[in-house]
Each structure stands twice: as structure tokens, then as C-alpha cells.
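Residue strings, one per chain:
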Amino acid sequence: MQPLKIVHSTFVPLQLENIDTDQIIPARFLKATTKTGFGKNLFRDWRYENDDETTPKKDFILNNPEYRGEILVAGKNFGCGSSREHAAWSIADYGFKVVVSSFFADIFKNNALNNGLLPVQVSEPFLQKIFAQTNGTTLSIDLKEQTITIDSTKEQEKFEINNYKKTCLLNGYDDIDYLLSIREDIEAFEKQTA
């Protein structure tokens, strides 16, 4: 995984609540076991009129070329439904580094953190302030300081994250990389208890 420290980007506003994992990545696209290639099917049923990708739905936000960025901002209860890890894979593979919402389903949140995707949970009033911004507004997410800032207004809010997962994201570690990073401490402990 790549280290994630500060993300400064425009954002894609998806003002829908209760987005479940089957909407994020429909079950018929879960045939692969590697993490790549899922981005093209992110929100597939919302993005296209049919299965052949020839008719994009004009009113869906990801089909609007004016909205781009590394941050997806969605309504509350994002990632509910089944526990498929592919949902986090598809969001990251599409190019998002951060998802912002006022509430995340626990399993989605953990899957995101395990795959280098940062879920930033904000208050509902702060989420609505983000949605009120015009196209082209940037957000800054500072993982070390655990802050999210609306750059145009300088309004800022703190967010919570598990310290272990924060360390992993800041360093680009998965669970094995983390254990390898503290190998000397583990070996010293083993010598003390032998």
C-alpha cells in the first residue's frame, strides 16, 4: 500500500444515503480475487443504462466530467449491506483515496482501512456544509492531525481513527508489514521470556 498522509483534492458529491455494498460493486462482478480491475464497475448499475457500458446515465455524478478528485463524499450509512471487501477495492481502484460520510457501516469501514482507503466520519452538519460547496471546491484531509478542512471556508472538523490503523495508513503498511516493522521488538520480547 502507498503511505497516506495528506489528501488535498476536489471531491465528488454523492448525496445519497444508505448506499450498500451491492450498489457500490454489484455481486455479478465479484469473480476476481485480485484487487485490481474493480474500479470500472464502481456503481455500475447507477452509471449505465445497460450492461454493455455504451449508454452512461447522464444524471449520475460519476458520469459528469466536471466532478473529479480523490475524495468521494456520500450521505450517511455508507457501505451498509454485505461484508464484501470488493466494495473498498472498487472505490480505491477507481482512484479515490478517501470516502467522507456522517456514518459508515463497521465492516465497510474496517475493509476500507485494511485496503488503504481512508473513511472519514464527520458530523451531519459538517457533511451538509461540504455538500453546500460549489464544484471545484477542495477539501484537505490531514491523517496525522486527524482533520478535514473545507479549503474555501477554512471550516475544519476532527475525525476519529484507530491508532493502529492510522499508523498503518501513514506508513503504507498492511498487517504483515506492520509486524515486520516491529520485528526487533518482538525478538527482544521473545528473548526476555525464553
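Check the entry above for the structure.
Description of the structure in this document. Throughout, a residue's number is its position along its own chain's written sequence, starting from 1. The predicted origin of the model limits local features to residues at a pLDDT of at least 70 and limits the giving and counting of side-chain atom pairs to 80 or more, whereas totals for whole chains, interfaces and linings rest on all residues. Values reported for side chains reflect all heavy atoms of the structure, with hydrogen atoms and water molecules removed beforehand.

1. Details of the packing of aromatic side chains
Here is the rule: Pairing of aromatic side chains requires ring centres within 6.5 Å, counting the rings of Phe and Tyr and the six-membered ring of Trp. Pairs whose planes differ by under 30 degrees are stacked, by over 60 edge-to-face, and all others tilted.
Under the counting rule described, the total for this entry stands at 9 aromatic pairs. Arranged with centres 5.4 Å apart and planes meeting at 25°, the rings of Y94 and F96 form a pair that is stacked.

2. Quick notes on the sheet that holds strand 1 (residues 6-14)
In a beta sheet, neighbouring strands pair by backbone hydrogen bonds and run either parallel or antiparallel. Defined as follows: Pairs of strands are assigned from DSSP output, requiring at least two bridges between the strands. Strands are runs of DSSP state E lasting at least two residues, helices are runs of H or I lasting at least four, and both sets are numbered from the N terminus onward. Comment: axis = line fitted to C-alpha atoms, over the contacting stretch for helices; angle = value between 0 and 180 degrees taken between N-to-C directions.
In space, the 7 strands of this open sheet follow the order 4-3-2-1-5-6-7, with mixed pairing throughout. On the outer flanks of this sheet lie strand 4 (118-121) and strand 7 (155-158), each paired with one strand and no other. On average, each strand axis in the sheet is tilted by 30° relative to the strand beside it, whichever way the strands run. Where strand 5 (residues 138-142) lies against strand 6 (residues 147-150), 4 bridges are found, and the strand directions are antiparallel. Its bridge partner lying in strand 6, D142 is registered against T147.

3. Considering the nonpolar core
Which entries qualify depends on this criterion: Nine residue types can take part in a nonpolar core, namely buried Ala, Val, Leu, Ile, Met, Phe, Trp, Tyr and Cys, and a core is a set of them joined through side-chain atoms within 4.5 Å. With a 1.4 Å probe rolled over the protein chains alone, any residue whose accessible area is under 20% of its type maximum counts as buried; one over 50% counts as exposed, and the rest are partly exposed. By definition, residues are in contact when any of their heavy atoms lie within 4.5 Å.
By size, the foremost hydrophobic cluster in this structure holds 28 residues, and its most contacted members are I24, F43, F78, I91 and F108. Elements that contribute at least two residues to this core include exactly strand 1, strand 2 (71-74), helix 3 (86-94) and helix 4 (106-114). Per-element tally for this core: the top contributor is helix 3, with 4 residues. Not counting the four nearest positions on each side in its chain, F43 is found in contact with L14, I19, Q23, I24, F60, L62, L72 and F78. Formed by 24 residues, the second largest nonpolar core is a distinct cluster that contains F11, L139, L143 and F159.

4. Observations regarding the pairing of strand 6
In strand 6, alternate side chains face the same way, and those of T147 and T149 on one face and I148 and I150 on the other are all buried. Connecting strand 5 to the antiparallel partner strand 6 that follows it, the hairpin turn spans 4 residues, and Q146 within it adopts a positive phi of roughly 60°. Bridge count for strand 6 against strand 7 is 4 bridges, and the pairing is antiparallel. Across the sheet, T147 pairs through a bridge with K158, a residue of strand 7. Here strand 6 folds back onto strand 7, and the loop between the two strands holds 4 residues, one of which, K154, carries a positive phi near 65°.

5. What to know about the packing of helix 3 against helix 4
Condition: Roughly parallel means an angle under 35 degrees; roughly antiparallel means over 145; roughly perpendicular covers 65 to 115; every other angle is labelled oblique. Handedness of a helix crossing follows the sense of rotation of the near helix relative to the far helix, less than a right angle counterclockwise being left-handed and clockwise being right-handed.
Two elements in contact, helix 3 and helix 4, have axes whose closest approach is 8 Å; the angle formed by their N-to-C orientations is 50°. With respect to their mutual orientation, helix 3 and helix 4 come out oblique. Helix-helix and strand crossings are classified by hand; for helix 3 and helix 4 the assignment is right-handed. Contacts between helix 3 and helix 4 involve A87, A88 and I91 from the first element and F108, N111 and A112 from the second.

6. Description of the side chain of E157
Just so we agree on the cut-off: In summary, the charge assignment counts Lys and Arg as positive and Asp and Glu as negative, without counting His or the chain termini. Only one rule defines a salt bridge in this text: a Lys or Arg side-chain nitrogen within 4 Å of an Asp or Glu carboxyl oxygen. Each polar contact in these results corresponds to two N or O atoms within 3.5 Å; when the atoms are within protein, one needs to be able to donate a hydrogen and the other to accept it, and residues that are neighboring in sequence are counted only if both atoms are side-chain atoms.
Tracing the backbone through its elements, the reader meets E157 in strand 7. Buried E157, no salt bridge; nearest opposite-charge side chain is K129, N-O distance 7.1 Å. Within the structure, E157 has its side chain in polar contact with the backbone nitrogen of S123 (distance 2.7 Å). When residues no more than four places from it in sequence are discounted, the contact partners of E157 are V122, S123, F126, Q146, T147 and I148.

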